[in-house]
Amino acid sequence: MMRYSRIVQKPGQPMYIASSAVFLAELLKIVACLLVMYQQQGSWTKLKSMVMREIIHKPSETIKMVIPSGLYALQNNLLYVALSNLEAATFQVTYQMKIMSTAVFSVVLLGRSLSRDKWIALFLLMIGVTLVQSQSMSSSSSTSSSNTASTVDDIILVQQNPFIGLVAVITSCVSSGFAGCYFEKILKTSETSMWVRNIQLGISGALFSLVGMLVYDMSTIMENGLLQGYDWLTWVVVANQALGGLLVAIVVKYADNILKGFATSLSIIVSGVISIYLFHFQPSTVFILGAFIVMTSSYLYGLNFSKGLSLTVKPL
């Protein structure tokens, strides 16, 4: 969906500014967290008191979130760059490196010890996800080619630069692994509410995104406005980025970043199964093989999971 919104334009409609979408997603994330906190506190007075106590009067805690928020802002912007310059197949395969980068930073930052079997499971997961997505990637490419020929008057495909896209996706993978493990360490070594942490993260992220937007896109914004090129799909992408980030925080709080990677991979298979009934999706042999590898890797990683979860993370 994000890729489609970045490569397809309607005649006469400008492409929306990626940095503005990242900035608005951060603002939406803050608003969502405040609404949840209001529901928990029961009144605006208690909410205001909590915000003052946990955020305004504790600037040092907010400063802790500068590192992950800056990296998340960088990652979000790089994803738009990568999706604008790479074919879907290249992006999906290369982006699976985030699984390994997350595992490496889990060992380095969290002191987590992964056995040889778990490393093998992670490697199998990368292979399985690549195989599962290969069918949708090949079908979308062929569909895109045929549609482009028949609807050339309705859409305009943006020119791509593969080298820039590749550098962007690799950098995004590394920043994703580090930021995720750093955020996990903060969540699990303090008593601060997860929603407060997400607001602190959102404040820093919004500031980084705002600076980037003003530095690189100020002239374009002044010429055509902040919301140029926005349509319903753009807003769906923004909402998905914001609310998806909150779901990730919940998973990280109560599980870990590596399991988040497995959950994401399994969700791809579930989506494929649902598509069989809703959209008459026909899974190929490669898809079935990839799904089997993903499920096998999840089982292998889950062996003795209770022991692997009982780790001690040193506070910052």
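Asker: It is not clear to me how the overall build of the protein should be interpreted in this structure. Could you clarify?
Answerer: Helices and strands together make up the secondary structure of the protein, namely 14 helices and 2 strands. Burial statistics for the protein: of 316 residues in total, 43% are counted as buried. Counted over contacts in the protein with a minimum sequence separation of 6, partners at least 24 positions apart contribute 84%. A total accessible area of about 16400 Å² is found for the protein, and carbon and sulfur atoms account for 68% of it.

Asker: Sorry, what's going on with the environment of N77 here?
Answerer: Note that N77 resides in helix α5 (residues 66-85). On the accessibility criterion, N77 (24% relative accessible area) is partly exposed. Sequence separation of N77 and A168 is 91 residues, and the distance between their C-alpha atoms is 8.9 Å. Non-local contacts of N77, meaning those with residues more than four positions away in its chain, are made with S19 and V22.

Asker: What is the right way to read the nonpolar core from this model?
Answerer: One recurring pattern in soluble globular proteins: nonpolar side chains tend to sit buried together. The biggest cluster of nonpolar side chains holds 23 residues, and the ones touching the most others in it are M37, F183, W195 and I199. Elements that contribute at least two residues to this core include exactly α2 (18-41), α3 (44-56), α9 (162-188), α10 (194-224) and α11 (232-254). Excluding its chain neighbours within four sequence positions, the residues that come into contact with M37 are L47, M50, V51, W195, V196 and I199. Core analysis: the next-biggest nonpolar cluster, separate from the first, contains 17 residues, Y16, V22, Y80 and A242 among them.

Asker: Would you mind going over the side chain of R197 with me for this structure?
Answerer: Following the sequence through the fold, R197 ends up in helix α10. Exposure remark for R197: the relative accessible area of 0% places this residue in the buried category. In contact with R197, not counting residues within four places along its chain, are E61, M65, F183, I186, L187, S190 and T192.

Asker: Help me understand the packing of aromatic side chains in this model?
Answerer: Aromatic ring pairs are defined here through the distance separating the ring centres and the angle between the ring planes. A full pass over the atoms with the stated rule returns 5 aromatic pairs. Both rings, one in Y230 and one in W235, keep their centres 5.1 Å apart while their planes meet at 55 degrees; by these two values the pair is tilted. The class of Y230 is buried, set by a relative accessible area of 13%. Ring pairing ties together the aromatic residues Y16, Y230 and W235, which thus form one cluster.

Asker: How should I be thinking about the packing of α3 against α10 in this particular structure?
Answerer: The relative placement of two packed helices comes down to the angle between their axes together with the axis-to-axis distance. Between α3 and α10, the shortest axis-to-axis distance is 10 Å and the interhelical angle comes to 65 degrees. Judged by the sense of rotation from one axis to the other, the crossing of α3 with α10 is right-handed. Taking contact as the criterion, the partners of M50, E54 and I55 in α3 are, on α10, V196, I199, Q200 and I203. Residues belonging to the contact of α3 with α10 are distributed by class as follows: 5 nonpolar, 1 polar and 1 charged.

Asker: Which parts of the structure should I look at to understand the pattern of salt bridges?
Answerer: Scanning the entire structure with this criterion turns up 7 salt bridges. A salt bridge links R53 to E54, with the nearest nitrogen and oxygen atoms 3.6 Å apart. Take E54: its relative accessible area is 15%, and that puts it in the buried class. As a salt-bridge pair, E61 and R197 come within 2.7 Å of each other at their nearest N and O atoms.

Asker: Can you walk me through the environment of V36 in this structure?
Answerer: Of note, V36 is situated in helix α2. What makes V36 partly exposed here is its relative accessible area of 27%. A sequence separation of 11 residues divides V36 from L47, and the C-alpha atoms of the two residues are 10.0 Å apart.

Asker: It is not clear to me how α11 should be interpreted in this structure. Could you clarify?
Answerer: Residues spaced three or four apart along an α-helix face the same direction, because each turn holds 3.6 residues. Spanning 23 residues, α11 covers 33 Å between terminal C-alpha atoms, matching the ideal 33 Å at 1.5 Å per step. L233, T234, V237, V238, A242, L246, A249 and V252 are the residues of α11 that are buried. The N-capping residue of α11, defined by a side-chain oxygen 3.2 Å from the backbone nitrogen of L233, is D231.

Asker: Please clarify how the environment of V129 should be interpreted in this entry.
Answerer: Along the chain, V129 turns up in helix α8 (residues 116-150). Sequence-wise, V129 and A291 are 162 residues apart; in three dimensions their C-alpha atoms are separated by 7.6 Å.

Conventions used here
- Residues numbered from 1 in each chain as written.
- Predicted model: local features only at pLDDT ≥ 70, side-chain atom pairs only at ≥ 80, totals over all residues.
- Heavy atoms only, no water.
- Helix = DSSP H or I, 4+ residues; strand = E, 2+ residues; numbered from the N terminus.
- Buried < 20%, exposed > 50% of the residue type's maximum accessible area, 1.4 Å probe, protein only.
- Contact = heavy atoms within 4.5 Å.
- Areas by Shrake-Rupley, 256 points an atom, 1.4 Å probe, with all protein chains shown as cover.
- Core = buried A, V, L, I, M, F, W, Y, C linked by side-chain atoms within 4.5 Å.
- Phe/Tyr/Trp six-rings, centres within 6.5 Å; stacked < 30°, edge-to-face > 60°.
- Axes fitted to C-alpha atoms, helices over the stretch in contact; angles between N-to-C directions.
- Left-handed = near helix turned anticlockwise from the far one by under 90°.
- Nonpolar A, V, L, I, M, F, W, Y, C, P; charged D, E, K, R; others polar.
- Salt bridge = Lys/Arg side-chain N within 4 Å of Asp/Glu carboxyl O.
- Expected span 1.5 Å × (residues − 1).
- Polar contact = N/O pair within 3.5 Å; in protein donor to acceptor, adjacent residues only side chain to side chain.

Structural measurements only, silent on function.
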